[in-house]
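# Structural characterization, general
Residues per chain, in single letters:
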Amino acid sequence: MSYAGIARAVLIKGAAISLLMPNPALRLMSDIDLLVADTDMDRAINALSNAGWQRVANSPNVMSHPSGWLLDLQVPATPLAEAIHREALPTPMPGLMIPRHEYHAALIAVHCFQGHGERVWRDVVDARLLRSMADWDAAHDARALGLATKSGHDIAIRAFAEFLAELDAMLADSEFAPSSSASERVELLRRMAGEQTSEVTLHLMRQLRRPRGARRAGPQSHLTVAHDAAPRDLA
């Protein structure tokens, strides 16, 4: 996006989370969410149009690509979204940035409480991944809560944090231990997710077993540093 004169184009949710995973393809997603300043919206649409994207009828800020991808352009319109956009971190992809972990975790907590079904479990997996980064500490939790409070979402993030703590305790239980057979663990996941769960949900919930303290290694590891650096209904 930098070539189009857009200084800050910030990937959020699934697209940003995928960059923190050992294999980005592990993060299932149905679209790409991109946060840009209101003053950059027209430039972003023009740049995407020149790259083969087309505007979706009745959704002026949603673009589709012949490959089948959808891209949802959003503008920051809450203190949380503004902070995510203002203090985003660079990525190896020129012109694209990702949120600071604690700000992204706050956004995901709010998104989770506005969702249902498999979307909720994606948010749970994403939040646990962010909180498993080696440099996450109590200060990150405090900053996430502070920003959520400014946007009027403090109840959602507090409840989400409590849920994650309970889930961590459940995952540490012997019933979920590595010694359990694969079939037993899958059956437990089914009970956790409900009777009508799909294979997509199971795929997401298996990722809950990601060890805490794990982080992506290799040339992209710089994405997790410099921390003292929404869906449309949140922005």
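Refer to the preceding data block for the structure.
Here is a short report on the structure shown in this document. (Residues numbered from 1 in each chain as written. Predicted model: local features only at pLDDT ≥ 70, side-chain atom pairs only at ≥ 80, totals over all residues. Heavy atoms only, no water.)

## Description of the overall build of the protein chain
Cut-off, in case you're wondering: Strands are runs of DSSP state E lasting at least two residues, helices are runs of H or I lasting at least four, and both sets are numbered from the N terminus onward. Here the term buried applies to any residue with accessible area under 20% of the maximum for its type, exposed to any over 50%, and partly exposed to those in between, with areas from a 1.4 Å probe on protein chains only. Accessible surface area values rest on a Shrake-Rupley calculation with a 1.4 Å probe, where residue burial reflects the displayed protein chains alone.
In terms of helices and strands, the protein chain carries 9 helices and 7 strands. Counting the 235 residues in the protein chain, one finds 46% classified as buried. For the protein chain, the accessible surface area stands at approximately 11,200 Å², while carbon and sulfur atoms represent 55% of it.

## Points about the pattern of salt bridges
Heads up, the rule is: The term salt bridge refers to a pairing of a side-chain nitrogen on Lys or Arg with a carboxyl oxygen on Asp or Glu at a separation within 4 Å.
In this structure the tally under the stated criterion is 8 salt bridges. Here Arg86 makes a salt bridge to Glu87, at a shortest N to O gap of 3.6 Å. One network of salt bridges, with partners in common, ties together Arg86, Glu87, Arg100, Glu102 and Arg143.

## Focus: helix H6 (residues 138–150)
We apply this condition: Given the number of residues in a helix, its expected span is that number minus one, multiplied by 1.5 Å. Directions from the helix axis toward the C-beta atoms define the arc. Here a polar contact is recorded for every N or O atom pair within 3.5 Å, except that within protein the pair must consist of a potential hydrogen donor and a potential acceptor, and residues adjacent in sequence are included only if both atoms are side-chain atoms.
When the terminal C-alpha atoms of H6 are compared, their 19 Å separation across 13 residues agrees well with the 18 Å that a helix rising 1.5 Å per residue should span. Every buried residue of H6 is accounted for by His140, Ala144, Leu147 and Ala148. For H6, the buried positions fall inside an angular range of 100° around the axis, keeping them on one side. More than 90 degrees from the buried face of H6, the exposed residues found are Ala138 and Lys150. With a side-chain oxygen lying 3.0 Å from the backbone nitrogen of Ala139, the N-terminal cap of H6 falls on Asp137. Immediately downstream of H6, the backbone of Gly152 shows phi near 80°, a positive value.

## Describing helix H2 (residues 41–50)
Residues spaced three or four apart along an α-helix face the same direction, because each turn holds 3.6 residues. To keep things clear, this is the line we draw: Residue contacts are counted whenever heavy atoms from the two residues lie within 4.5 Å of one another.
Looking only at H2, the buried set comprises Met41, Ala44, Ile45, Ala47 and Leu48. Looking straight down H2, one finds its buried side chains confined to an arc of 165°; they lie on one side. With respect to the buried face of H2, the exposed residues turned more than 90 degrees away are Asp42 and Asn50. Check the buried side of H2 and you find it contacts strand S2 (32–36), strand S3 (54–56), strand S4 (59–64) and strand S5 (70–74).

## Some points on the packing of helix H4 (residues 101–113) against H6
Just so we agree on the cut-off: Only the stretch in contact is used when a helix axis is fitted, and all axes are lines through C-alpha atoms; the angle between N-to-C directions ranges over 0 to 180 degrees. If an angle is under 35 degrees, it is roughly parallel; if it is over 145, roughly antiparallel; if it lies from 65 to 115, roughly perpendicular; otherwise it is oblique. Helix crossings fall into two classes, left-handed where the near helix is turned counterclockwise from the far one by less than a right angle and right-handed where it is turned clockwise. Each residue is assigned to one of three groups, with Ala, Val, Leu, Ile, Met, Phe, Trp, Tyr, Cys and Pro labelled nonpolar, Asp, Glu, Lys and Arg labelled charged, and all others, Gly among them, labelled polar.
Contact geometry of H4 with H6 gives a least axis separation of 8 Å together with a crossing angle of 50°. What the angle tells us is that H4 and H6 run oblique. The hand of the H4/H6 crossing is right-handed. Of H6, the residues touching H4 (which contributes Glu102, Tyr103 and Ala106) are His140, Arg143, Ala144, Leu147 and Ala148. Residues that form the contact of H4 with H6 fall into these classes: 5 nonpolar, 1 polar and 2 charged.

## Topic: the side chain of Thr78
If you trace the backbone, Thr78 turns up in the loop between S5 and helix H3 (79–86). At 3.1 Å, the side chain of Thr78 and the backbone nitrogen of Ala81 are in polar contact.

## Notes on the nonpolar core
Using the following cut-off: Nonpolar cores were defined as sets of buried Ala, Val, Leu, Ile, Met, Phe, Trp, Tyr and Cys residues, with membership established by side-chain atoms within 4.5 Å.
Judged by nonpolar contacts, the single largest core of 52 residues is most densely connected at Leu11, Leu71, Leu73 and Ile84. No other element matches the 7 residues that H4 contributes to this core. Excluding residues that lie within four positions of it along the chain, Leu11 makes contacts with Ala16, Leu19, Ile32, Asp33, Leu34, Met93, Leu96, Met97, Ile98 and Pro99.

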